[in-house]
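The residues making up each chain are set out below.
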Amino acid sequence: MKEFRKNSSRVLKIYASIMIFIKQTDTFQGVLKERRQNMSYILQTTHLCKTIDGKELVTDVNIHIKKGEIYGFLGPNGAGKTTVMKMITNLWKPTSGTVTLFGKTLEPTSYEVLKRMGSIIEFPTFYDHLSGKENLKLHCEYMGYYNKGSIEEALEMLNLTKDADKPAKSYSLGMRQRLGIARAILCRPELLILDEPTNGLDPKGMKQLRDLFKMLCVEYGMTLMISSHLLSEIENIADTVGVINHGKMMKEISMKEIAEANTAYIELTVENTKKAAYVLADKMKLSNFKIMDDSRIRIYERGVMTQGISKELLMNGVELISLNQHTETLEEYFLKMTAEVGKSC
């Protein structure tokens, strides 16, 4: 019996040691997983807050931007986009929270980290008495960047070659914006922070910029964070979008997820919406639909076939004028998100 107790005690000790080892291994694996996840983000903010004179401008903003993607930063005017970008570029110090760039926490003295970035925040400023080309040369000087031909290449990318020797004070708003972008990409940064980069540009200029941003991402491996109120422009180029409103981050979602989520809908145009709604609810047992106005109904239910809808409506005497399938645009998604927050505030 004594020998049995001795062996049992030894087994229990071995079991306890194994359990401790497993627990430590799980913890270690968890830490490794978290580190790998963090390393995949070229830019990350954690519980970022900014308060000025007792007024909270942004609160608890968490952003995650992966290397090599285009991140659209969306929000109404005054939502806090520029405030966040100023903290990311070290122009403003956060009241609380952290900014992590290239795996390192941003500090007031993070000069080497900032050299790996290019940015436009609000309106770009220049030495007006200097030419566009001279302004770019000056930027290379204080960045310590000496790459032959880079200035000419940047000017060509932004269609400013013929105006390169004109003084900056003669530039239009759109030209100044393009010169600002030329300066931001001049030193081949790994990360571009662009605050409303299409300001002052006509549709042709916007299209050129959109193509440029895609090229910088694909061919140069740059990561871009772009704020804009022109949602259609962001929709055409972004991989991921972050929506901010009233200083709070509402959602981060990939464009692929928006497309795959419950965003597709079927729109009916009928003579009698009340009768059509009765058929949808009572006969077809659908619940996820909305009467838009006196003639239109949108059905958001998954897996519903258009043929089945039209057949059921006709069988129940509902005159169907038109039936179309739609995919929710980024603008519709954004308006829905901001409206929901507006109701909760």
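Right, let's walk through the structure included here. As a convention, each chain's residues are numbered from 1 in the sequence order in which they are written. With the structure being a predicted model, the display of local features is reserved for residues of pLDDT at least 70 and the display and counting of side-chain atom pairs for 80 or more, all residues being used for whole-chain, interface and lining totals. Excluding hydrogens and water, the side-chain figures rest on all heavy atoms present in the structure.

### Observations concerning the overall build of the protein
Next up, step 1: Along its length, the protein carries 12 helices and 14 strands.
Next up, step 2: Within the protein, buried positions represent 43% of all 345 residues.
Next up, step 3: If you sum the accessible surface of the protein, you get close to 19600 Å²; carbon and sulfur atoms cover 53% of it. Going along the chain from the N terminus, every DSSP run of H or I of four or more residues is numbered as a helix, and every run of E of two or more is numbered as a strand. Exposure is judged per residue with a 1.4 Å probe applied to protein chains only, and the accessible area is read against the type maximum: over 50% gives exposed, under 20% gives buried, and values in between give partly exposed. In this description, accessible areas are obtained by the Shrake-Rupley approach with a 1.4 Å probe, and a residue is regarded as covered only by the protein chains that are shown.

### Re helix α2 (residues 81-88)
Next up, step 1: Most of α2 is tucked away, with 7 of its 8 residues classed as buried.
Next up, step 2: Among the residues of α2, Lys81, Thr83, Val84, Met85, Lys86, Met87 and Ile88 are the ones counted as buried.
Next up, step 3: In the segment just after α2, asparagine 90 is the residue with positive phi, at about 70 degrees.

### Brief notes about the packing of helix α4 (residues 132-143) against helix α6 (residues 173-185)
Next up, step 1: Comment: axis = line fitted to C-alpha atoms, over the contacting stretch for helices; angle = value between 0 and 180 degrees taken between N-to-C directions. The geometry of α4 relative to α6 is characterised by a closest axis approach of 10 Å and an angle of 30 degrees between their N-to-C directions. It follows from the interaxial angle that α4 and α6 lie roughly parallel. Where α4 crosses over α6, the two elements pack in a sense that is right-handed. Along its contact with α4, which presents Gly132, Leu136 and His139, the element α6 presents Leu179, Ala182 and Arg183.
Next up, step 2: Residue type decides the class: Asp, Glu, Lys and Arg count as charged, Ala, Val, Leu, Ile, Met, Phe, Trp, Tyr, Cys and Pro as nonpolar, and the leftover types, Gly among them, as polar. In the contact of α4 with α6, the residues fall into 3 nonpolar, 2 polar and 1 charged. Angles are sorted into four bins: roughly parallel if under 35 degrees, roughly antiparallel if over 145, roughly perpendicular if 65 to 115, and oblique for all others. Left-handed describes a crossing whose near helix is turned anticlockwise from the far helix through less than a right angle; right-handed describes the clockwise counterpart. By the convention used here, residues are in contact when the closest approach between their heavy atoms is within 4.5 Å.

### Some remarks on the state of the cysteines
Next up, step 1: By disulfide we mean two sulfur atoms from cysteines, separated by a distance within 2.5 Å. On inspection of all chains with the given rule, the structure shows 0 disulfides.
Next up, step 2: Lacking any disulfide linkage, cysteine 140 is separated from the closest cysteine sulfur, that of cysteine 187, by 4.8 Å.

### As for the side chain of threonine 83
Next up, step 1: Mapping threonine 83 onto the fold places it in helix α2.
Next up, step 2: With sequence-adjacent residues up to four places away left out, threonine 83 is seen in contact with Lys50, Leu57, Val58 and Trp92.

Any functional reading would require information beyond the geometric quantities listed.
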